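Breakdown of the fold
Here are the chains, one letter per residue:
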Amino acid sequence: MNNLRDIRKRFHKLSTYYFSFIFCLLLFSSSVSIAAEITGPEVKIQGNEIYITTSLSLDEKQLNELRNGIKKEYGFYIDIFRVWNLWPDEFVLSRSFVRSLRSDPVKMEFIATSIDGNTQTKKRFKSFDSMLKWALSFETLKLINVHDLEPGTYFVRVTVESKIRKLPPVIGYFMVFLPENEFKIRKDSPYFTLGTAR
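These lines cover the structure that appears in this document, whether it is placed above or below. If you're wondering where the values come from, they're calculated on a predicted model, not measured in any experiment. (Residues numbered from 1 in each chain as written. Predicted model: local features only at pLDDT ≥ 70, side-chain atom pairs only at ≥ 80, totals over all residues. Heavy atoms only, no water.)

Things to note about the side chain of Arg82
Test applied: Here a helix means four or more residues in a row that DSSP labels H or I, a strand means two or more in a row labelled E, and each is numbered from the N terminus. For every residue, the accessible area obtained with a 1.4 Å probe (protein chains only) is divided by the maximum for its type, and the residue is called buried under 20%, exposed over 50%, and partly exposed between those limits. A 3.5 Å cut-off defines polar contacts: any pair of N or O atoms within that distance qualifies, except that in protein one atom must be a possible hydrogen donor and the other a possible acceptor, and neighbouring residues in sequence count only when both atoms are side-chain atoms. Contact criterion: two residues are considered in contact whenever any of their non-hydrogen atoms come within 4.5 Å of each other.
By secondary structure assignment, the location of Arg82 is in strand E3 (residues 72-82). Taking the relative accessible area as the measure of exposure, Arg82 reaches 5% and is therefore buried. A distance of 3.0 Å separates a polar atom in the side chain of Arg82 from a polar atom in the side chain of Glu150. The residues touching Arg82, leaving out its near neighbours within four places in the chain, are Asp89, Glu90, Val92, Glu150, Pro151, Gly152, Thr153 and Tyr154.

Laid out in structure tokens, this is it:
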């Protein structure tokens, strides 16, 4: 009988430590401030084409990690929505990009990779700032021809997420409560109207 009580006490103690550890991890991860910011998005219609200009500004912590050689991967999702008065906004079109950034502080080498669907582009840069400008900004990116959209009111939503470095599979099973993203932010453009909105 005493052995059973001892086992229960130990189990209770271990489970208390385990849940305290998980709670502290969750508390720490939620207290990390998100200072990354999306600039724009600005929509421009020119020659019957819809273009967008937007960029991502990183906080000092992210910049220092990049400078120190930690590889970062950012997913950009650029979506067009149609606005309805009585119904939820209608998803129309999406484009996604994955931008990977890596710097080698010893060799002073800066490499960025962009994946857009089946197209992969890899570039080397002479400076850290030029790598950031190329990888984290979209200047007049063509989205769609206005003739492919019905008359109505629309907006563009830009979502950016930074994935946390992948944990080994065994650890991932036990850390189900940990967030997958380092950050995930989004920002909408002002509304714009095509043709006669209904």
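A look at a nonpolar patch on the surface
Put simply, the rule reads: Patches in this entry comprise residues that are over 30% relatively accessible and not in a salt bridge; like charges within 9 Å are linked, as are nonpolar side chains (Val, Leu, Ile, Met, Phe, Trp, Tyr) within 5 Å. With residues, only the protein chains shown are counted as cover, and all accessible areas are computed by Shrake-Rupley using a 1.4 Å probe. Each reported salt bridge corresponds to a side-chain nitrogen of Lys or Arg within 4 Å of a carboxyl oxygen of Asp or Glu.
On the surface, a cluster of nonpolar side chains totalling about 430 Å² of accessible area is made up of Trp84, Leu86 and Trp87. Mapped onto the secondary structure, Trp87 falls in the loop between E3 and strand E4 (90-104). The exposure class assigned to Trp87 is exposed, which follows from its relative accessible area of 64%.

With respect to helix H2 (residues 60-67)
The line we're drawing: To obtain the arc, one takes the directions from the helix axis to the C-beta atoms.
When H2 is considered as a whole, its buried residues turn out to be Gln62, Leu63, Glu65 and Leu66. Each buried residue of H2 lies within a common arc of 160° when the element is viewed along its axis, so the set occupies one face. The positive-phi residue at the C-terminal boundary of H2 is Gly69, with phi of around 100°.

Thoughts on the sheet that holds strand E1 (residues 37-46)
Inclusion rule: At least two bridges found by DSSP between two strands are what make those strands a pair. Lines fitted to the C-alpha atoms define the axes, with helices restricted to the stretch that makes contact. Angles between their N-to-C directions range from 0 to 180 degrees.
Pairing is antiparallel in the open sheet, where 3 strands are placed in the order E1-E2-E7. A strand with exactly one partner marks an edge of an open sheet, and here the two such strands are E1 and strand E7 (137-145). The sheet shows a mean angle of 20° between the axes of neighbouring strands, direction not considered. Pairing of strand E2 (residues 49-57) with E7 involves 6 bridges; the strand directions are antiparallel. Among the inter-strand pairings, Ile52 is bridged to a residue of E7, identified as Leu141. The sheet contacts of helix H3 (residues 128-136) involve E2 and E7, and relative to E7 the element is tilted by about 15°.

Focus on the pattern of salt bridges
Tallying each qualifying case throughout the model produces 8 salt bridges. In this structure, the salt-bridge partner of Asp188 is Arg157, at a minimum N-O distance of 2.8 Å. With Asp188 in strand E9 (residues 181-188) and Arg157 in strand E8 (residues 152-163), this pair connects stretches of sequence that are 31 residues apart. For Asp188, a relative accessible area of 34% puts it in the partly exposed group. Here Arg157 falls in the buried class, since its relative accessible area comes to 15%. Salt bridges linked by common partners bring Lys61, Glu65 and Lys72 together as one network.

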